[in-house]
Amino acid sequence: MTTVADKRLDFIENYCTLSLHVKPDKWSKFATSEETHTMLNEFYEKQDVTTLVITLNPTGQLVPCLGFPSILKNKGVYFVKKRHENITKDNFLEALLVGDISPSPVEMLPFLANIYIYRKTVVLTVGLASTRWITHRILVNPNHLNCTTDDVIRQAHRLKNEMFVMGGKIKGKTLLPLPENMTALDSVSEVFDSSLLHSIETIIIDWSHQIRDILSKDSAQPLLDGLNPLPRVEFDFWFSRQVNLQCINEQLYAPQVKMIADILERAKSCYWPALKNVFRDVSAGKLFSRKSTCVTSGGIQNFLLPVLWAWLGGRGLVG
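What you see is a predicted model, and the numbers here were worked out from it, not measured in a lab. (Residues numbered from 1 in each chain as written. Predicted model: local features only at pLDDT ≥ 70, side-chain atom pairs only at ≥ 80, totals over all residues. Heavy atoms only, no water.)

Chemist: Go over unusual backbone geometry, please, and point to the residues and values.
Modeler: Although it is not a glycine, His21 sits at a positive phi angle of roughly 55°. Structurally, His21 is set in the loop between α1 (7-20) and α2 (24-31). Of the residues examined, His21 reaches a relative accessible area of 64% and is grouped as exposed. (Helix = DSSP H or I, 4+ residues; strand = E, 2+ residues; numbered from the N terminus. Buried < 20%, exposed > 50% of the residue type's maximum accessible area, 1.4 Å probe, protein only.)

The structure is reproduced here in structure tokens:
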């Protein structure tokens, strides 16, 4: 079948090409399929059909699905309606949430959480706004509705950050969440309000706790717990800490964090020294971990290597 130019389909094609690296012949076969045409029209025109997922099958062909598949073997992309509405050629950019999904449930969890949180927040916010008409009939302060809406948004963002941090822990990384509304701030020259400053200061507290939890861990804890760890456990401990602190260090030098630092400094916030302490502690911890894993710098390996070789020799594993 032949296809008529459609900006919605062009948008889907561009995203699939970038994310899934789809070749033109694969896309052409997908776009001209009668099944694809029917499924896309159903997604566009039925308000209760809110999700379109496009995945790759083992042969590299694109497969559409109106919903998140129960089993996903390859990477895919999703297009989710922000509201129950038709997707037209005029509103598709504003009406859709777009992202990637992974066959790993751990990696999918933050994406699904973001969609759920966003939609629940929008529904509740719109619902609260629509109830303002009753304020002239009963004793309800309109400011209470504003406070409730803001609180819902803050709690949703906090839940999103917790999911983000949890996903990092599962992967063995420490991920630093960003404050609410930071993505909307283009530069530090823009005027920022007290709510943004408060969210930044709250995040600094969270970062400090995350760094403290890492640096407070003791490599001797297995011994204190009555276990008999092998020398390899000590190697792994310091190597893991070095990798983790390096990951944190890279996040701290991201442009968004520089903006956070500039805002705290300009506002003369009492949390500006706390952020500087985060940088200092991560840098010092990274340096100590690197020395601990380096034989030539007098690290812990200088003491553990003879023990390790003796242990291996005692079991006939080395000559």
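Let's pick the thread back up.
Chemist: Summarise the sheet that holds strand β3 (residues 76-81); cite the residues concerned and give the values.
Modeler: Read across the sheet, four strands follow the order β2-β1-β3-β4 without closing on themselves; strand pairing throughout is antiparallel. Pairing within the sheet leaves two strands with one partner each, and these edge strands are β2 (62-65) and β4 (96-101). If you compare each strand with its neighbour and ignore which way they point, the axes differ by 15° on average. Bridge count for β3 against β4 is six bridges, and the pairing is antiparallel. What sits directly across from Gly76, in β4, is Ile101. (Pairing = 2+ DSSP bridges. Axes fitted to C-alpha atoms, helices over the stretch in contact; angles between N-to-C directions.)

Chemist: If you had to explain the packing of helix α7 (residues 194-215) against helix α10 (residues 255-266) to someone new, which residues and values would you point to?
Modeler: Two elements in contact, α7 and α10, have axes separated by 11 Å at closest approach and are oriented at 115°. The pairing of α7 with α10 is recorded here as roughly perpendicular in orientation. With respect to the hand of their crossing, α7 and α10 are arranged in left-handed fashion. Where α7 abuts α10, its residues Leu196, Leu197, Ile200, Glu201, Ile204 and Trp207 lie against Val257, Ile260, Ile263 and Leu264. Tallied by class, the residues present in the contact of α7 with α10 amount to nine nonpolar, no polar and one charged. (Parallel < 35°, antiparallel > 145°, perpendicular 65-115°, else oblique. Left-handed = near helix turned anticlockwise from the far one by under 90°. Contact = heavy atoms within 4.5 Å. Nonpolar A, V, L, I, M, F, W, Y, C, P; charged D, E, K, R; others polar.)

Chemist: So, the pattern of salt bridges: which residues are in play, and what are the values?
Modeler: Evaluation of the coordinates by the stated rule reveals six salt bridges. Put simply, Lys46 and Glu42 hold a salt bridge, and the shortest N to O gap is 3.7 Å. Lys46 sits in the partly exposed class, given a relative accessible area of 42%. Asp213 is the partner of Arg212 in a salt bridge, and the nearest nitrogen-oxygen pair spans 3.9 Å. (Salt bridge = Lys/Arg side-chain N within 4 Å of Asp/Glu carboxyl O.)

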